[in-house]
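Each chain, written out:
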Amino acid sequence: MIQPVNGKFEMPQLPYGMADLAPVLSQESMLFHFGKHLQTYLNNLNALLPGSAFEGKSIEEIVKTSEGGVFNNAGQFLNHALYFLQFKAATMNNVPTGSIAKAIVRDFGSFEKFQEEFQAKGASLFGSGWVWLSADANSKLVITQEGNAQNPITKGLKPLFTFDVWEHAYYIDYRNRRPDYLKAMWSIVNWDEVNNRY
Ligand SMILES: [Fe+2]
């Protein structure tokens, strides 16, 4: 759960630097996406909270119970926090480990089949949104497409891992080639963090 501090949410503390995800995500891309887009959602959210029914509540609770401008900015703050906190510097042959690795094989057949379905759902999402891996109430893994600021917690799912498919996520590094961005992202996923969420 992400809680406000003295009534305000704060930028996530990343375990890597802005240049550390290159060449998958360049420093320029990170400075815009993390430094400007996420900061703006956060500033908007913090400006909407004082005096509202959401003051002092966790971001997850706000996303589950709000609508309109509060929902859009709270959803985008939560989505981006989970997105940026799930990365590490790129490594060769970066594959899932631990319980998430076993669950992926159990529910999708293999990591390769899971990757194919995840990339296909990310590529085919029309407009802006997110492709998510989540766990249902029985710990079964599901892939969902979520439009705009939506997050799987509004469907009762536990969000584990996501690729942002808003154009701002990939246009600096990949221009219009969303499938190339999705394919490149696997090398920077921190599967330890995904295991922690599972
Ligand atoms: Fe984004």
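Residues numbered from 1 in each chain as written. Predicted model: local features only at pLDDT ≥ 70, side-chain atom pairs only at ≥ 80, totals over all residues. Heavy atoms only, no water.

Visitor: Outline the coordination of the iron ion, listing residues and values.
Guide: Every protein donor of the iron ion is accounted for by His33 (NE2), His80 (NE2), Asp164 (OD) and His168 (NE2), and the metal-donor separations fall at 1.9 to 2.1 Å. Classification of the site at the iron ion as tetrahedral follows from its four donor atoms and the range of 90 to 126° in their angles at the metal. Mapped onto the sequence, the residues coordinating the iron ion show the spacing H-x46-H-x83-D-x3-H. For Asp164, a relative accessible area of 0% gives the class buried. (Donors = N, O, S within 2.8 Å, 3.2 Å for Na, K, Ca; no water. Tetrahedral: all angles 85-135°; square planar, octahedral: opposite > 155°, others 65-115°. Buried < 20%, exposed > 50% of the residue type's maximum accessible area, 1.4 Å probe, protein only.)

Visitor: Give me the nonpolar core: which residues, what numbers.
Guide: Counting residues in hydrophobic clusters, the biggest one holds 60 residues, and the most contacted among them are Leu25, Phe114, Leu133, Phe161, Phe163, Tyr181 and Trp191. At eight residues, helix 3 (residues 68-84) tops the list of elements feeding residues into this core. Both domains that furnish three or more residues to this core are identified here as domain 1 (27-84) and domain 2 (98-197). Not counting residues within four places of it along the chain, the set of residues in contact with Phe163 comprises Tyr83, Gln86, Phe118, Trp130, Val131, Tyr181, Leu182, Met185, Trp186 and Val189. (Core = buried A, V, L, I, M, F, W, Y, C linked by side-chain atoms within 4.5 Å. Helix = DSSP H or I, 4+ residues; strand = E, 2+ residues; numbered from the N terminus. Domains from an automatic or database assignment. Contact = heavy atoms within 4.5 Å.)

Visitor: I'd like a rundown of the domain arrangement of the protein chain, residues and numbers included.
Guide: One frequent convention defines the size of an interface as the accessible area lost when the parts assemble. In terms of domain boundaries, the protein chain breaks down into domain 1 (27-84) and domain 2 (98-197). For the pairing of domain 1 and domain 2, the buried interface totals around 1600 Å² over both sides, and the portion due to carbon and sulfur atoms is 64%. Put simply, domain 1 and domain 2 have zero salt bridges between them. Contributing elements (two or more residues each) for the side of domain 1 that touches domain 2: helix 1 (27-48), helix 2 (59-65) and helix 3. Ranked by residue count, the leading element in the side of domain 1 that touches domain 2 is helix 3, at nine residues. Across the side of domain 1 that touches domain 2, the residue classes tally to seven nonpolar, eight polar and three charged. (Buried area = accessible area lost by both parts, 1.4 Å probe. Salt bridge = Lys/Arg side-chain N within 4 Å of Asp/Glu carboxyl O. Nonpolar A, V, L, I, M, F, W, Y, C, P; charged D, E, K, R; others polar.)

Visitor: With reference to specific residues and values, describe helix 5 (residues 111-124).
Guide: For helix 5, spanning 14 residues, the distance from its first C-alpha to its last is 20 Å, which sits close to the expected 20 Å at 1.5 Å a residue. All buried positions along helix 5 are accounted for by Phe111, Phe114, Gln115, Phe118 and Gly122. End-on, the buried residues of helix 5 take up no more than an arc of 100°, which puts them together on one face. In helix 5, those exposed residues whose orientation departs by more than 90 degrees from the buried face are Lys113, Glu116 and Ser124. Among the structural elements, helix 4 (98-108), strand 1 (129-135), strand 2 (141-147), strand 3 (158-164), helix 7 (178-184) and helix 8 (191-197) are those in contact with the buried residues of helix 5. (Expected span 1.5 Å × (residues − 1). Arc of directions from axis to C-beta.)

Visitor: So what's going on with the packing of aromatic side chains? Which residues, and what values?
Guide: For the coordinates displayed, the defined rule picks out 21 aromatic pairs. Where Phe34 meets Phe84, the ring centres are 5.2 Å apart and the plane angle is 85°; that geometry is what we call edge-to-face. Here Phe34 is found in helix 1, whereas its partner Phe84 is found in helix 3, with 50 residues between them in sequence. Across the pair, Phe84 and Phe34 agree in class, each one buried. Arranged with centres 5.0 Å apart and planes meeting at 75°, the rings of Tyr83 and Phe84 form a pair that is edge-to-face. (Phe/Tyr/Trp six-rings, centres within 6.5 Å; stacked < 30°, edge-to-face > 60°.)

Visitor: Outline the sheet that holds strand 3, supporting the account with residue identities and numerical values.
Guide: Pairing in this open sheet of three strands is antiparallel, and the strands run 2-1-3 from one edge to the other. One side of each edge strand has no neighbouring strand; the edge strands of this open sheet are strand 2 and strand 3. Pairs of neighbouring strands in the sheet enclose a mean axial angle of 25°, with direction left out of account. Direction of pairing for strand 1 relative to strand 3: antiparallel, over a ladder of six bridges. Directly across from Trp132, in strand 3, lies its bridge partner Thr162. (Pairing = 2+ DSSP bridges. Axes fitted to C-alpha atoms, helices over the stretch in contact; angles between N-to-C directions.)

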